[in-house]
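Structural description and commentary
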Amino acid sequence: MSAGAHLLLVEDERNVGETLAERLRAAGFRVTLASSAARARQAWQAQAPHLSLVDVGLPDGNGFDLARELRSAVPQAAIIFLTAHANPEDRVRGLELGADDYVSKPFHFRELLLRIQNCLKRAQDLAELPREMRGVVRIGRARVDFERFSAEVAGTQHALTHKECAVLRLLASRAGKAVSRDEILDKAWSAEEFPTSRTVDNFIVRLRRLVEPDADEPRVIRSIRGVGYLLSDLKHE
Amino acid sequence: MAAHVNLKAGQGSLSVVPARRARLIALLASLWIVLVLVLGAGWVILVINQARQISALQELVGRTDSAVAAQWGSTRRRIVGESVVFLLLLLAVSALLVWLYWRESRRARGMQAFFAAVTHELRTPLTSMRLQAEAIAEGDQRAELAQRLLEDSSRLESQIDKTLELARIEGGGPLAEQSVPLRGWLERTLGIITEPHGTRLEVKVHVDDPLPPILADAAALQMILRNLVENSVRHARVERLQLQLSAQRRGSQVLLEYQDNGEGTAVPGRELGRVFGRGDNSKGTGIGLYLVRALMQRMGGEAQFHSAPGAGFRAELLFNTSGESAT
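The following refers to the structure shown. All of these numbers come straight from a predicted model, not from anything done at the bench. (Residues numbered from 1 in each chain as written. Chains lettered and ligands numbered in written order. Predicted model: local features only at pLDDT ≥ 70, side-chain atom pairs only at ≥ 80, totals over all residues.)

Topic: the overall build of chain A
As a reminder of what qualifies: The secondary structure listing takes helices from DSSP runs of H or I that are at least 4 residues long and strands from runs of E that are at least 2 residues long, numbered from the N terminus. Each residue is classed by its C-beta neighbour count within 10 Å, where at least 20 other C-beta atoms makes it buried, 12 or fewer makes it exposed, and intermediate counts make it partly exposed; the C-beta atoms are placed from backbone geometry.
In terms of regular secondary structure, chain A is built from eight helices and 15 strands. Taken across its 237 residues, chain A has 47% of its residues classed as buried.

Comments concerning the sheet that holds strand 2 (residues 30-34) of chain A
Residues and elements named next belong to chain A. Our working definition: Only strands that DSSP links by at least two bridges are regarded as paired with each other. Angles here are taken between N-to-C directions and fall from 0 to 180 degrees, while the axes themselves are lines fitted to C-alpha atoms, restricted in helices to the stretch in contact.
Strand order in the open sheet formed by five strands is 2-1-3-6-7, with parallel pairing between adjacent strands. This sheet does not close on itself; its edge strands, each paired only once, are strand 2 and strand 7 (101-104). Taken over all neighbouring pairs, the strand axes of this sheet differ in orientation by 20° on average, direction set aside. Sheet analysis places strand 3 (residues 51-55) next to strand 6 (residues 78-83), joined by five bridges and oriented parallel. Within strand 6, the residue paired with Leu-53 across the bridge is Ile-80.

Details of the sheet that holds strand 13 (residues 221-224) of chain A
Residues and elements named next belong to chain A. Which entries qualify depends on this criterion: Here, residue contact means that the backbone-derived C-beta atoms of the two residues sit within 7 Å.
Read across the open sheet, the three strands follow the order 12-14-13; overall the sheet is antiparallel. Both edges of this open sheet fall to strand 12 (178-180) and strand 13, since each of them pairs with a single strand only. The sheet shows a mean angle of 35° between the axes of neighbouring strands, taken without regard to direction. Both strand 13 and strand 14 (residues 228-231) contribute to a ladder of four bridges, which runs antiparallel. Residue pairing in the sheet places Arg-222 in a bridge with Leu-230 of strand 14. Contacts from helix 6 (residues 162-173) reach strand 12, strand 13 and strand 14 within the one sheet, and its direction differs from that of strand 14 by about 70°.

Structural notes on unusual backbone geometry
Cis geometry marks the peptide bond from A:Lys105 to A:Pro106, where omega comes out at -5°. Note that A:Pro106 resides in the loop between strand 7 and helix 5 (109-127). B:Pro210 follows B:Asp209 through a cis peptide bond whose omega is 0°. Its place among the elements puts B:Pro210 in the loop between strand 2 (201-207) and strand 3 (214-216). At A:Phe149, a residue that is not glycine, the phi angle is positive and equals roughly 55°. A:Phe149 sits in the buried class, given 24 other C-beta atoms within 10 Å. Within the chain, B:Arg237 stands out as a residue other than glycine whose phi angle is a positive 55°. Of note, B:Arg237 is situated in the loop between helix 5 (218-235) and strand 4 (241-250).

Structure, rendered in structure tokens:
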């Protein structure tokens, strides 16, 4: 999908935005450049992007809030944050908000290109749903729709991030069998994100809050000591 | 999902550490105050017991009851008075320590935010320069790329100049004040300041005639005007930036007004130019306007900023006159 994929670049610094947009177009992407959060909203309403590159500091808002809106409006779009704030807290915050990747400025264009291609590939893998994952699947207390990247819990709709979808899908496809942490890392994270087994554990804690009736006593996503995790409560509707 | 399942942004494993540390410090401070109170109370009881024993001994050596009672009463009052003073002093020292810790933490957070903002301002033009240099290295020979490279290197240079000037001013660096005729100075300097921004910028100047020369450091004056122009270029967000400068007498002083036609901001004027303790969403470092205010104060003048959405940005600079005759 990389060639011809539609990228939405949200960057208020004119020189960075224009040069990056030109280079991405030269690499074969269709690029829409938006210099503010308001223009980004107009752009994704006009045409949904496959991937969005979002600068964290915008003149009329915060890139994190914009990403949250984009995640709800276009759940299938991958999101990469571009930021000159390189502190670990911001990185954690970005990834928790559902970013697929987080790139610190200044970056090498080729590295960014590689990350874009990896994100697009993972997004494409997610879009290709096996037959048994189509429609609504009940996982614990959540009714999950992988096609729409959404989950309904107690009557409330939640937008799922790409990583949440990827991990849930992997566990669901092996329901009743243990899946190793390494395999989860391999399927949902890229090597450039420097993930560890602890990353998976933290992520599972978040998923449990969504699917477990009681997150303190998990029964839906069970830990298998020394191996990884096992999904035990899956029903097709 | 993060927004809906009680997992707020910024509550990741890394951001938990400062919260834990704050709780630990609060616990230690509480233990310290309890310890001070217990020790103080123990000391009072100990001294009172000692005094009782002394009075009992005095009784044994044959002093009269009333004399012993009077001495005991006086000793007790002195002990209670000293104990209260001692306890109050301990509590005051404890409160002072807590206050000093709070002030230092706040200052450290401000410094951290300031350096993060400066780093951000340096990284952004560097990103642009790297992208352009990579494109040129790969054979893209457009003059536009070279122009952008020049703009970015100027921005980097200006940011470094401002940071160094901030360090100099904060360190009490001297100014060389002299008599400056504003009209001639503006004619000579405005072109130099606006030249890097090319034709995107239009400047109108009005100087009352006659106007007395102002008392100012010429280099500081240039830094003030350059910072105002760069602030407008950065934040105005209009296709064609128009700047209006007008100078007039105000009482015994000279008022230089600066106005741009930008979008303006809802940030109150007194908040503009704050370097430390700024909000997360602030763009830029704030050094530019901070320096304008600091330099004006150092020259015995005053700077006020005003802005509102749709009303652009306005600065009022009030200078002392040099005492020489009007030009």
